[in-house]
Amino acid sequence: MREKLTITNTNGDTVELSHRPPFLLTKIEGLGDVDADVQMSRAPFQDGATHVDTLLEPRYISIQVSILSDSREDLFAFREHLTNVLNPKYSLTVTYENGWVSRQISAISEHVPKYPADNRGLRYQIALANLVCPSPFWQDINPTNIKLEDYVSGFRFPFHFPVRFATRGDTRLLVNVGHAPAPVKITFRGESINPTITKVGADEFIRVKKTIPQGYALEITTDINERAVRIIAPDGIVTNAMGYIDQKSTFFSLDIGENKLSFITEGGKPDVYVEYRNLYLGV
């Protein structure tokens, strides 16, 4: 199995670690193992304990790379490039591929890459790097993006894999094939009045008590690390609209398995999109 890591930092610098020089990926750990904090409560005189919740710790990935070059000058140039990409000041997007699976994760380098003096030659160098991933989940490289369309006196929904039709015309079935609930990004484009999107059967909805003018877009993100409600003007100016959220709204995620979503507005005919990435515990 030939593994490949592609690491890109927020400055746009990229390095590919694979089975080919100059950066040979010789060892990688942390693709699946993540510690869990099992939280318990205990009442007086209770035997054992009651499980409250289990929270995953950040993911730690250790990488060993053999840098191969044709000259000492090239060797130091490759070292400098790797150091630049893995600058701890930058956030990283790490993409993993092995021929069967392609997934990505966000990370930060815990230190500047290490270049041990006892593993160095005229044209080779061992490099060591440790990455920490605040969110332990790997995710799809490309998001699933579903368009929902409304029309007078009802709804119609065009087919997009992996979504299939539900029994009612105003409800759509989205399938989360990952290992954890998946946050969503919901976008209403065009005129809408008090737009609402509902997670049917779960007693969860998001309602924005605001009129969105024609040419504008309303964007709702439910990820706990990026939770936001924004109104985007035609010229690209973004306005924080969190204050217009109905107080009974919940920033829901898609549960593992099947989820039914529907939307409605009190006026206007917006184009509505739901975007999400499946989350995975390992690769």
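The structure this text deals with has already been given above.
Residues numbered from 1 in each chain as written. Predicted model: local features only at pLDDT ≥ 70, side-chain atom pairs only at ≥ 80, totals over all residues. Heavy atoms only, no water.

Attention now goes to a negative patch on the surface. On the surface, a cluster of negative charge is made up of Asp33, Asp35, Asp37, Asp53 and Glu57. Along the polypeptide, Glu57 turns up in the loop between strand 5 (50-56) and strand 6 (59-68). (Patch = residues over 30% accessible without salt bridge, like charges linked within 9 Å, V, L, I, M, F, W, Y side chains within 5 Å. Areas by Shrake-Rupley, 256 points an atom, 1.4 Å probe, with all protein chains shown as cover. Salt bridge = Lys/Arg side-chain N within 4 Å of Asp/Glu carboxyl O. Lys, Arg positive; Asp, Glu negative; His and termini not counted. Charge placed at Lys NZ, Arg CZ, Asp CG, Glu CD. Helix = DSSP H or I, 4+ residues; strand = E, 2+ residues; numbered from the N terminus.)

Here the focus is the packing of aromatic side chains. Applying the stated rule across the entire model yields three aromatic pairs. Arranged with centres 6.1 Å apart and planes meeting at 80 degrees, the rings of Phe188 and Phe263 form a pair that is edge-to-face. Here Phe188, found in strand 15 (residues 182-189), pairs with Phe263, found in strand 24 (residues 257-264); they are 75 residues apart in sequence, far enough to count as distant. Considered together, Phe188 and Phe263 belong to a single accessibility category, that of buried residues. It is Arg103 that lies over the ring of Tyr280; its NZ or CZ is 3.5 Å from the centre. (Phe/Tyr/Trp six-rings, centres within 6.5 Å; stacked < 30°, edge-to-face > 60°. Buried < 20%, exposed > 50% of the residue type's maximum accessible area, 1.4 Å probe, protein only. Lys NZ or Arg CZ within 6 Å of the ring centre and 35° of its normal.)

Going through the model one piece at a time under the given rule, you end up with one cavity of 30 Å³ or more. Size it by volume and the largest cavity reaches roughly 50 Å³. Around the largest cavity, the lining residues are Leu17, Ile63, Val65, Leu82, Leu86, Pro113, Ala127, Leu128 and Ala129. Secondary-structure elements contributing two or more residues to the lining of the largest cavity are strand 6 and strand 9 (124-133). Considering each element in turn, the lining of the largest cavity owes the most residues, three residues, to strand 9. Across the lining of the largest cavity, the residue classes break down as nine nonpolar, no polar and no charged. (1 Å grid on protein atoms, 1.4 Å probe; cavity = no way out; pocket = protein on both sides within 12 Å on 5 of 7 lines; lining within 4 Å. Points joined across faces, edges and corners; volume = space filled by probe spheres on them. Nonpolar A, V, L, I, M, F, W, Y, C, P; charged D, E, K, R; others polar.)

The values reported here are purely geometric and, on their own, carry no functional implication.
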